[in-house]
Each structure stands twice: as structure tokens, then as C-alpha cells.
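# Observations on chain architecture
Here's the letter readout for the chains.
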Amino acid sequence: MILSGFAGLGYEMVWTKMLAVALGHEIVAVLAVIAAFFTGLGIGAYTLDRRIRASAVPGRWYVVLEIIIGAWALALIALIPWFNDTMPMIIGEQPSAFRQWASVFVATLLLLLPATAAMGATLPAMERLVSALRQDGWAVSGLYAANTFGAVLGTMLTTFLIAPMLGFTASLLLLATVNFACALAVALGPARGEAAAALSPVALAPKLRLGQPRLAVTLFLTGLIGIGYQVLVIRVLSQVLENTVYTFASLLSVYLLGTALGAFLYRRYAPREGFEPVLSRLLALLALASLVGVALLWAGGPLERSIPDWLGSGYGAALTGEFLIALAVFLLPTLLMGATFSHLAQASRDSLGVGRALGINTIGAALAPLLFGVVLLPLAGSKTLLILVSVAYLFLIPARNDIRWLAAAPAGLAVALFLIPAPLRFIDIPSGSEIVSYDEGVMASVSVIRDPNDVYFLKVNNHYTMGSSASGFSDRRQTHLPLLLHPSPENVLYLGLGTGSTFAAAAAHPEVSATAVELIPEILPTIGAFGPSLEAYRTSERFRLLVSDARRYVGASGERYDVVIAEVFHPSRDGAGSLYTVEHFEAIRARLAEDGLFCQWLPLFQLDLATLRTIIRSFMTVYPDTEAYLAHYSLGQPLIALIGRAEPAGYHRGWIADRVRHRELAEDLSAVRLTTDFALFGGFLGAGDALTRFVGTGPLNTDNHPVVTYEAPRFVYTEQEPAWVRLLALVDALDTDPAELLDTADPAFDAFAQRLEDYWRARDAYLEAGVNVVPVNDVEAMLEQIADPLLSVVRISNDFAPAYMPLLEMAYQLAASNPAGSRRLLLALEEAAPARPDAARLRRELFGN
């Protein structure tokens, strides 16, 4: 039973990841998959219970069920890829919530049903077998504890070890082998000669006054409430924990571990008489424990911040910290959930039947994600809903004579929690800042923060800062750079929206019509704080904003795009790794027009070089002539653009002049300093052979083996060196060859290539010079740090404006307070860059000579 539970939860971990790439990561789709899994378990447990109870050979039933599970798991290795290719077309680009839920739920239910139905019937079959062999009908709780403990092992080992090492196909092969081993062990052991065993004639369940209808309702509602509580707690903790693939596994493991321990303790210590009084006490204690768990949620933020003080830093310490936070919140409630279900299932043994009891309870659990996570959460909020869910256990107490004293403590605590003015909201904000808006929506908790400098920040689930009103320079360059690299873009697709600043920059390109696809609907109403409002886009003929999963949208869309721009996706966030797979890059290539271009932005400040190499290697599998660019020269938050297209680039001198034919576009490019060929191509890092040497040999990130999903979280769990260390290592490792970028047949190639190579050398020197600079407001103090290094950079390339223009500006600022120093700086600039007239012109304006 331990091994069977291990395989069952291992399958859930693998199947949900495999299906999400096509069904989508919207909460409706994710919860529909979970509901389909639970429903299949419930159908199997309920419908097969009567036959298993009537059978003289339940052991053979168990053997067949395990064989069916393993065989269907093997079949799904071939079926899931076909399913994933088909479903985006059925669901559509932007389905209604009902259509998405219904199509995902029904399709997933049918796809997994042979295996999940068989899983649901294994516990009833084993219970009948063990009861017959032991002549003891009190086996339910022990078997349930063993099976659930196996589920803990399956969740942890599959997520932390098996899937990362083997990939999904090999993981399914291993898990199927476990099913076959279980079948073989029972067939050769306890199932042999089982027909000769007879059930004990004595009562095998507590004496029961509760009628079957009331018992069934109690089973259904405890399943509904228990999983509803889990969904809501996980949602609240998403504001505290890192939300990686390991976060969910830790939370689920603690939930299952508590349930297993509760069933084990019930098996060992529960009285075998007095069903109703025991149930009443269990339900009252469960309500109290759930409310205590809610109270402990307020400590989640402080606990998370104190982890380094307790456990130190590092990958293992961070994961242990997440596990301990989950343990603090979940342990007491789940102990009592496990004991309560064991009591109800044991009491059902000779009336409803263990299988039917399990089926009814599981169907209730299947409804919980939709009801609590999608319907009720936006209406009531997590705090109110969690308190009400906890109190709901009190209404199931059958011993009405004892209700007053049993309910006193939970009711008192519930009132106290309601009176606490603070919501279950965790937002880390700097001193002096304020929360402008907060939306606890279906998909995420989204907030807009304003700091004392009147800068607005967008945060998702507290951990992810999606941009700010001060990052417009970087955001707008993320549109202009890829659009300028295309000769004449008209139809553009954005995957991800963030603050909307990047998308808004497309308006400066008069010929462009653009569509943005955003996964988190709660983000859309906030974009007015950072640019055009949501209403402005709704009335626009050129721009569309859609709420949809990026991967599914690309698979479902029939449009062709001149440029596809994939926004910055945090690689460690659960689900983001699927946006960096070979299959996703191939799907985007299929959506590109003949001369189309795909730009994938990568946050070098949010990933290590090993993950960067994996992503580039996977990208180059689809786009062999990949080019890499820097978005800007920030040392703190460097961004890398991977540019993929069908044919290699071939740019010529004067490209910007030929591309920019509208005044509005020219003005916008001037604001982000992209007005020359050198400014555009100056961020070029390398292509083709240079990138191939940098990435070397290694694994690809694929749907079957999502390396990034499992490796990227290490970055957020461990202390990292500053981002500039990785940036300089990348720059140093790449060779920039003008022939990989420019049209070698252009008559001006040689002269332009030489100047561009000088520009790149100046850029690299500029980045190195910036490492030790400490920004200060005093001009003279700043010049002491940067004057000589920047003059050296200017001498390498007179075209390198990022070094020349700041010195020119500081000379102007210095003129009033230190004219002699200003004049000396301008003369030094003239000497360093004789080809540029700006310094001499400013010197004559300020000093006349």
C-alpha cells in the first residue's frame, strides 16, 4: 500500500506537469486537472465497491487494478503528446471560463479515467483482502495511513529526484514498474488461496446510529471542506513562499503527511465503540485546529524572513524553511482530517462500504478547487473564507446535546479571528511607501505600490516585482530593439504584459498592430498606473489585450506574426520553465511570417549561467543562427535578448535611417537612446558559432525533461553573486564578429565593421569600469570616480555615446560651480574624441574659447 500510494501521487505530479503545457496554467485549467484526477478516483472507488465487497477474491481484484494502472500509465506516454497537440484547438485562444473548465475537466477525466478509477478502487480491494486474512475488520485506517504515507514519498521523491533526473517518460516507466511489482507481490503472496478465507462474523465497525444519508453527507462535506482548506491555505502562503515547483510539493507533502499520521494514530488509539461521540469530538477538534492554522498564517511572513537566522542560507535551508512553515500551518488540521476520515470510513464499512465512502469523500474533494479557488475566493477573500470553512465542521457534529460545549472554543476563536483588523495579506514595502491597490483575485494577489519618490511598482504574490514606472527606459527598449531589427513589422505578438510599458512602446511604430497575451487577469486593471489604461486598449483598433496562457495561445492561434516578443519570465516560478522549452520555441517558429523574428528576453539577474546555457542551447536547436543582444548596459539588472529567425541577419550601415521614417518613432527612440546604428547594434553579443561555443554540450529543456523547471529554483533558494559577475563572464566568453551581423557584400562593410568592433570593445570596458562606481549626487565626487575610466572608453570608440554624453552633461553641470574644472573636462573630451564636435561646441558656448 505504501508503494501503491507512492506511484499514485508520483503520477499526479508528472501528469499535471505534462498536461499543463497544452491545457494552460490559468487557475481554471490547473484546478480542472486536479478535479478530474479526484473525480476519477471517486468514480472508481464508488462504482467498483459493490463488486469488490461481493467478491470472494478481493486480492485478485487488487492485482488486476494495479496492472490496469501500470498499463494505462504506459499508454499515456504515447497518448499525452497527442492529447497536448489536440487540446489547444478545442479549447481555443481565449475561451470563456465555463468552456475552459468544461473542456479541460471532461477531456482530462476521460484521458486519465482508466488509471484513476483503478487507483480509487485499490484501497477498498486491499481492505477486504486484509480483513479476510486477519479476521479483523479494523484495517481501514492502517491501510489508509500506509497508502497516504506512500503518497508523501511519491510527491517528494518524484518532484525532488525522479522527474529531474529521468524526465517524465522514464518517470512513468518507473512508476508503472512499481504498480506491476505491487500486483506481482500480492498475486504471489496474500492473494494465493484467498477464496478459502472467510470474513469474521463479529461486528467490524463501530455501532452506528447515524443513518446512511447523513453519513454520506458528512463524508462528502468533509472531503469538500478539507480540500477547500488546502486550496485556500496554499493560496495565502503563495504570498510568503517562493512558488517554485518545490514549494507546492512541500505543501502537498505536509498535508498528506499529517493525514497519514492522523489515520495511524486513529488506528492505534481510537475507541471501537461510540461512533457519534467520537465523531463529534473529532469534528470539534478539527474546527479548532483549522482555526489555529488560520491564526498561524499571520506568522507566515515573519517566519519566512527569519529562516536564514534559524537555518542559515543555502538551497537545503530554504527548502527546509518552506517545509517547516507548511508544517506549522497544516500539521494539526491534517492530523484530525486523517483521523476523521478513518473514523467515517470505518463506520461505513458494513453499511455504505469503504469504497463508496472513499468515493463520496473524493467527489467532495474534487468540487473544492473550483468552488473555493475560483468562485468564492474573489467574493469573500481568503481570511473570511478560511474562518467560515473551519467553522463549517461544527455544523456536521451529530451529537446535538454536546454541541454547546464542543463548539465553544472554536466559535470563540473564530470570532477573535474575525475581529483582527489585518487581512491575510503579505506585501513587503519599503519605509514610506503605500499600497495604491490590492486585488486578491482568482489567479494571484496583485498589488501596486507607490514609494516616497512617487515611483509605482507592480507586485504579484508579493515575491515577483513585474516592473515599475521608473523602468520605462528598459521596458520600451524591449519593444524597440526587436522591432527595429525587423525590416518592416506590421503584426506583433507579445507573450506577457507586466506593467504594459513594453507593449505600449509599440504605439510609436505607426504601421504596427499588436496583441498581448497575459496569464494573470488581475494585472490588466493595474496597467493604467504605468501607461495607457485598460479602457484605452479596449477601444483601440491597433491593440488587443487577451487573458490567456501563452503556450496554449500559440498552439491554438492560426495567425502569422512578423515579430513575437516574449517578455521576461522568472525562470524559477512554477510553470515558467515550460516557456523555455524546445517545443514552445518550435510552436512560435510555426507562427512566424516568412521573414518573421522571435525575441526571447532573459533576466540575467534572475538566473545563473548554467540555466542560461540550457535555455540558449534549447533556443538554438530551433534557431541555429540565434543572435544575442544586451537590452542596455545596466550592471544591476542586465537583460539578454535572444533573436531567432529563419535566415541569418544581414544589416547595412544606415539601417536606422532607413527604418525610422516617422517623427513620432524618432522622438520615442531618442528618449531611449536608440537613434544610431551603433546604439542598435552596440548591444550585440554574439551569434551562431560564438553562442555554440559558449553553451557547449548539455541537456535541452524539453516538455519531456523540463530541466529549467527543476534547476532554476536553486537560484532563488541560494545567495548569489551580483548580476554583473555573470554579465561580465558572459561578455568575456562571447566573441563578437561583425560578419555574423552585417551584410558582408555592403561596400561600406569594412569601415563600418571596424567602427562597430571598436564600439564593442568600448562597451566591454565601460561595463568593467562601472563595477566599482558608487553613485553619489555630488558632480565633482562622481567625476573623481568616473572621469578617467570613461575618457579611456571614449578613446577606444568615439562613437560610444554612453561614456561620452554623461561626461558632457557633467561638464555642463560643473560650469557654474567650478568653471576651470568644467573647461578641463571639455578639453579632455575633445582630445579623447576628436571626431565628435559636441565638447568643443559646449566649451565655446560656456567659455567663448
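Each remark here, short or long, concerns the structure printed above.
Report follows, based on the coordinates. This structure is a prediction, so every number in the text was calculated from the model and none was measured.

Another aspect to go through is unusual backbone geometry. Located in the positive-phi region is N243, a residue other than glycine, with phi close to 60°. Examined against the element boundaries, N243 turns out to sit in the loop between α6 (212-237) and α7 (245-269). Since its relative accessible area comes to 15%, N243 is described here as buried. One non-glycine residue, N461, lies in positive phi territory at about 50°. Looking at the element boundaries, N461 is found in the loop between β3 (456-460) and β4 (464-468). We classify N461 as buried; its relative accessible area is 10%.

Here 6 bridges tie strand β1 (residues 434-440) to strand β2 (residues 445-450), and the two strands are oriented antiparallel to one another. Along β2, the bridge assignment pairs E440 with S445. What sits between β1 and β2 in their antiparallel hairpin is a turn of 4 residues.

This brings us to the sheet that holds strand β8 (residues 561-566). Spatially, β7-β6-β5-β8-β9-β11-β10-β12 is the arrangement adopted by the 8 strands of the open sheet, whose pairing is mixed. Strands with a single pairing partner mark the edges of an open sheet, and in this sheet they are β7 (543-547) and β12 (684-687). Averaged over neighbouring strand pairs, the angle between their axes works out to 15° when direction is ignored. Here strand β10 (residues 627-630) runs beside strand β11 (residues 639-645); their pairing, made up of 4 bridges, is antiparallel. Each residue of the ladder has a partner; that of L630, found in β11, is I640.

The grouping of I2, F149, L153, L157, L161, M165, L166 and L174 at the surface amounts to a nonpolar patch, some 660 Å² of accessible area in total. A total of 7 residues in the nonpolar patch trace back to one element, the largest contributor, which is helix α5 (residues 140-188). Along the polypeptide, L161 turns up in helix α5.

Moving on, we come to helix α14 (residues 472-485). When the terminal C-alpha atoms of α14 are compared, their 20 Å separation across 14 residues agrees well with the 20 Å that a helix rising 1.5 Å per residue should span. Burial analysis of α14 places 11 of its 14 residues in the buried class, which makes it a mostly covered element. Turning to α14, its buried residues number three or more, namely S474, D475, R477, Q478, T479, H480, L481, P482, L483, L484 and L485.

Another point: the packing of helix α1 (residues 2-23) against α5. The geometry of α1 relative to α5 is characterised by a closest axis approach of 4 Å and an angle of 45° between their N-to-C directions. In terms of orientation, α1 and α5 fall into the oblique class. Between α1 and α5 lies a crossing whose hand is right-handed. Taken together, the residues of the contact of α1 with α5 sort by class into 22 nonpolar, 11 polar and 1 charged.

The next subject is the side chain of E830. Note that E830 resides in helix α30 (residues 819-832). At 2.5 Å, the side chain of E830 forms a polar contact with the side chain of R843. Those residues in contact with E830 that sit more than four places away from it in its chain are A839, A840 and R843.

Reading the values: rules and limits
- Residues numbered from 1 in each chain as written.
- Predicted model: local features only at pLDDT ≥ 70, side-chain atom pairs only at ≥ 80, totals over all residues.
- Heavy atoms only, no water.
- Helix = DSSP H or I, 4+ residues; strand = E, 2+ residues; numbered from the N terminus.
- Buried < 20%, exposed > 50% of the residue type's maximum accessible area, 1.4 Å probe, protein only.
- Pairing = 2+ DSSP bridges.
- Axes fitted to C-alpha atoms, helices over the stretch in contact; angles between N-to-C directions.
- Patch = residues over 30% accessible without salt bridge, like charges linked within 9 Å, V, L, I, M, F, W, Y side chains within 5 Å.
- Areas by Shrake-Rupley, 256 points an atom, 1.4 Å probe, with all protein chains shown as cover.
- Salt bridge = Lys/Arg side-chain N within 4 Å of Asp/Glu carboxyl O.
- Expected span 1.5 Å × (residues − 1).
- Parallel < 35°, antiparallel > 145°, perpendicular 65-115°, else oblique.
- Left-handed = near helix turned anticlockwise from the far one by under 90°.
- Nonpolar A, V, L, I, M, F, W, Y, C, P; charged D, E, K, R; others polar.
- Polar contact = N/O pair within 3.5 Å; in protein donor to acceptor, adjacent residues only side chain to side chain.
- Contact = heavy atoms within 4.5 Å.

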